[in-house]
Every structure is written in structure tokens, then in C-alpha cells.
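Each chain, written out:
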Amino acid sequence: MISICIPAYKHLDILPDALQSICSQNSDFELVILDDFDIFLNDPSLQPKVKHVRELYSSDPRIKWFRNSEHLPIQANWNKVISLSSRPYIKMMGADDRLHPGAIEKMESMIKAFPAVVLHGHLADVIDSNGLVVRKPKPYPGLKEPLIVSGNAALKGKLRQIIRFKNPICNIFKRTAWEQVGGYSNKYRFCFDTHFNTRVMAGGECALWNENLVDLRRHDHSDGATLPAKMALDELRNLVADILSEIGDEVTAADLIAANGWILYRLFELAAQRIMTKPGDLRRLFIENYSVLLSSPAVYKQAAKLAISRIRDGDIQQTS
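Residues numbered from 1 in each chain as written. Predicted model: local features only at pLDDT ≥ 70, side-chain atom pairs only at ≥ 80, totals over all residues. Heavy atoms only, no water.

### A short note on the overall build of the chain
Summing up its helical and strand segments, the chain has 13 helices and 10 strands in all. Against the compact-globule benchmark of 20 Å for 320 residues, the chain has a radius of gyration of 20 Å, which places it among compact chains. Principal-axis analysis of the C-alpha atoms gives the chain an extent of 60 × 45 × 35 Å. Counting across all 320 residues of the chain, residues that qualify as buried make up 53%. Residue pairs at least 24 apart in sequence account for 83% of intrachain contacts in the chain once pairs closer than 6 positions are excluded. Summing over all exposed atoms, the chain offers an accessible surface of approximately 14700 Å²; the carbon and sulfur share of this is 55%. The chain carries 40 positive and 37 negative side-chain charges, and their two centres are separated by 4 Å. (Helix = DSSP H or I, 4+ residues; strand = E, 2+ residues; numbered from the N terminus. Rg over C-alpha atoms; globule rule 2.2 N^0.38 Å. Buried < 20%, exposed > 50% of the residue type's maximum accessible area, 1.4 Å probe, protein only. Contact = heavy atoms within 4.5 Å. Areas by Shrake-Rupley, 256 points an atom, 1.4 Å probe, with all protein chains shown as cover. Lys, Arg positive; Asp, Glu negative; His and termini not counted. Charge placed at Lys NZ, Arg CZ, Asp CG, Glu CD.)

### Structural notes on the packing of helix α10 (residues 253–274) against helix α13 (residues 297–313)
Packing of α10 against α13 brings their axes to within 7 Å, and their N-to-C directions diverge by 60 degrees. On the basis of the axis angle, α10 is oblique to α13. Seen along the crossing, α10 lies across α13 with a hand that is right-handed. Between α10, through Ile257, Ala258, Asn260, Gly261, Trp262, Leu264, Tyr265, Phe268 and Glu269, and α13, the contact on the second element is made entirely by Ala298, Val299, Tyr300, Gln302, Ala303, Leu306, Ala307 and Arg310. Residues belonging to the contact of α10 with α13 are distributed by class as follows: 12 nonpolar, three polar and two charged. (Axes fitted to C-alpha atoms, helices over the stretch in contact; angles between N-to-C directions. Parallel < 35°, antiparallel > 145°, perpendicular 65-115°, else oblique. Left-handed = near helix turned anticlockwise from the far one by under 90°. Nonpolar A, V, L, I, M, F, W, Y, C, P; charged D, E, K, R; others polar.)

### A closer look at the packing of helix α9 (residues 229–247) against α10
In helix packing, the relevant descriptors are the interaxial angle and the interaxial distance, both defined with respect to the helix axes. α10 packs onto α9 with a crossing angle of 170 degrees between their chain directions and a minimal axis gap of 10 Å. Here α9 is positioned roughly antiparallel relative to α10, judged by the angle of their axes. Where α9 approaches α10, its residues Ala229, Ala232, Leu233, Leu236, Arg237, Leu239, Val240, Ile243 and Leu244 are matched on the opposing element by Leu256, Ala259, Trp262, Ile263, Arg266, Leu267, Leu270 and Arg274. Residues that form the contact of α9 with α10 fall into these classes: 14 nonpolar, no polar and three charged.

### Focus: helix α4 (residues 74–83)
Because an α-helix completes one turn every 3.6 residues, residues spaced three or four positions apart along the sequence face the same direction. With seven of its 10 residues buried, α4 lies for the most part within the structure. All buried positions along α4 are accounted for by Ile74, Gln75, Asn77, Trp78, Asn79, Val81 and Ile82. As for α4, its buried residues are in contact with β1 (2–8), β2 (30–35), β4 (89–92), β9 (171–174), α7 (175–180) and α8 (192–203).

### Brief notes about the packing of aromatic side chains
Throughout the structure, instances matching the rule amount to eight aromatic pairs. An angle of 75 degrees between the planes, with centres 5.6 Å apart, marks the rings of tyrosine 184 and phenylalanine 192 as edge-to-face. The pair formed by tyrosine 184 and phenylalanine 192 is uniform in burial state, with each residue classed as buried. Grouping aromatic residues by their ring pairs yields a cluster made of Trp78, Phe173, Tyr184, Phe192 and Phe196. (Phe/Tyr/Trp six-rings, centres within 6.5 Å; stacked < 30°, edge-to-face > 60°.)

### Some points on the pattern of salt bridges
By the definition in use, this model includes 15 salt bridges. Here arginine 87 ties to aspartate 28 by a salt bridge, and the two come within 3.2 Å at their closest N and O atoms. Highlighted residues: arginine 87 in the loop between α4 and β4 and aspartate 28 in the loop between α1 (15–23) and β2, separated in sequence by 59 residues. Given a relative accessible area of 47%, aspartate 28 falls into the partly exposed group. A salt bridge links aspartate 242 to lysine 187; the nearest nitrogen and oxygen atoms lie 2.8 Å apart. Residue aspartate 242 is found in helix α9, and its partner lysine 187 is found in the loop between α7 and α8; the two are separated by 55 residues along the sequence. Classification of aspartate 242 as partly exposed rests on a relative accessible area of 24%. Within this structure, Asp17, Arg98, Asp215 and Arg217 form a network of salt bridges that share partners. (Salt bridge = Lys/Arg side-chain N within 4 Å of Asp/Glu carboxyl O.)

### Considerations on the side chain of lysine 156
Considering the arrangement of structural elements, one finds lysine 156 in helix α6 (residues 151–159). What makes lysine 156 buried here is its relative accessible area of 17%. Polar side-chain contacts of lysine 156 include one of 2.4 Å to the side chain of aspartate 255. Setting aside residues no more than four positions away along its own chain, lysine 156 makes contact with Ile247, Glu250, Val251, Thr252 and Asp255. (Polar contact = N/O pair within 3.5 Å; in protein donor to acceptor, adjacent residues only side chain to side chain.)

### Considerations on the nonpolar core
Ile82, Met92, Leu159, Phe173 and Tyr184 are the most contacted members of the largest nonpolar core, which has 58 residues in total. Beyond its immediate sequence surroundings of up to four residues, leucine 159 is in contact with Val240, Ile243, Leu244, Ile247, Asp255, Ala258, Ala259 and Trp262. Listed in part, the 34 residues of the second largest apolar core include Ile22, Ile63, Val117 and Cys170. (Core = buried A, V, L, I, M, F, W, Y, C linked by side-chain atoms within 4.5 Å.)

### Digging into unusual backbone geometry
The phi angle at glutamine 161 is positive, at roughly 60 degrees, despite the residue not being glycine. Mapped onto the elements, glutamine 161 comes out in the loop between α6 and β9. Glutamine 161 sits in the buried class, given a relative accessible area of 9%.

### Topic: the state of the cysteines
Disulfides are covalent bonds that connect the sulfur atoms of two cysteines. Under the criterion given, the structure shown has zero disulfides. Unpaired in this structure, cysteine 5 has its nearest cysteine sulfur neighbour in cysteine 23, at a distance of 14 Å. Its sulfur unpaired, cysteine 170 is 15 Å from the next cysteine sulfur, which belongs to cysteine 206. (Disulfide = S-S within 2.5 Å.)

This is the structure:
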């Protein structure tokens, strides 16, 4: 039922931890690994390490391991690994993440309970580089049963940051939904996965679950920790514009306030991360986004509401 796809281009030393967490599952699954280590790292000395990791799991028939002949951009790499899968549902994982025991069995029960749902979202523990839990997720408030939502209602909830399909490892989606939206787009780099989610959300029913099924690893070499602030904010503006365009004639004044509040909140979140370590970046950030600072009191109120909820839940995004 489920293909677990790992576009592996970093974190070779941690990959066995991820593989062990998957292969110890007492469920039927397909694990597809697309190996970009040799090309991305351009270090022949690492090839024996890659070979060793492969050999450790070569006898497991559930694993399909492929190698790129050339290094691909991240969006193309993700699309390729999915194209190599064969199951009707897709679970993306990083080479540095882990599944909890019994996670695949639980995912299958979620899928069977709501077969029309195209995108399932769940919770994750955050772990550090040593695999120690540094943050437990706060449950979605007031959610005893899965929240089923679709179309414009989902997109409006996204603008308000109350319908949040979080990191890719927290999601399961139908392969047909990936096909229908044309996969991950190269229009975005920082938030290409969020852009993908919004297009899937617009086209079918989605479900949010208070189920904690995975470990999401955060460390200094995480992908999101290496991308510049300007890219993060510029792409968010474009993403918000795409969501509003998707909603179309149903956009309200409240939607616009929510959208601009999200952008303003993100500006201050990025600024807070730089106030001590990168004051030069902080000044440029405010100068380049001066118009955002001129937002209305209603937009500031929405941004403050987001900040309070994120601080309360310990859900501050990581970036450079």
C-alpha cells in the first residue's frame, strides 16, 4: 500500500539509522532509495561507505536502491524517486529521519479509514544530530477525530496557519495526486514542498491526525538551515499569491489579512533568529521589506496571534 521514498544525497553516516527504523516495521511496504551521494559529495573516498550501507540491507526484498547518473536539483530528485515507486501511497523521508515502531501499520489504518483522502498529515518528534528528542509535538488543539477538509477551506486554513501539513516526513499522499499536480515544481526552492501540498489540498479531501509517527531530525546541516532569509521571505510572498489565486473569487478581506499577517510574522521570525548572530542580515532584511512593516493594525494583530501560538507550541521554524 505504501512506498517510502528517500532521495538520499546527504547524511550518509545517519542513513543506517533511518533504514533500521523502516526495516524493523512489521508491515508490508516498499522502500525506494535514490542514491545521489557519489555525485553530490564528489568524494571517491565515500564510495566504500555507500557500498557498505547497501550491502547491509541488500537481502531485504522490500528495498529498491537506485543511483543517479548525474546530480539532480532537489525537486527533480524527489520527483524521480517517486516515479521509481509502485505503491498507491507515498511517504517521503529524509536520510536523517526515523519512523516510530508500528508507524506503517498506523498509516495503513489511517488510509483505510478515509480512502477518499489524498493527503494525510500527522505529527513528529524533533530529534537532534545525536537522535535525542528535543521537542515533542503539541497536538492539534481540540482534535479528537481526524480533521477532514478540502478545497478552498483547506487553503483558507493554510493562510491562517491552522491547516498545516508540516515537514514532508509528516505527510502521506496518493501517488495519483502527485501525478495530477505534475509533481514538485521547480518554481520554488525553499518552500517547494509546501507549494506541492497546497496544490494537492486544492484538489481533494485532506486529513490531519493527532498521531505521532516519526522523528524529524534538526541540525546545523539540515537543508532548511542553509538557505538564505531573503529566499525564504520572497518565496513565501509568491506562495501566498499562488494560494490567493487558487482560492479565486472566494477571497475575502479576512483572507487578505491572514495572508499578510503570515508574511509579517515570518519577517519577524527571521529577524529574531538574526538579532544576535547576523545583525547585518537583519538590517538588510528590514530595508528590503520596508513595505511589509507598513501593514495595517489588523495584519499586525494576525502576526502577533501567529507568534503567540508558535511560541506556545515551540514551533519556530529553523533557517539560517
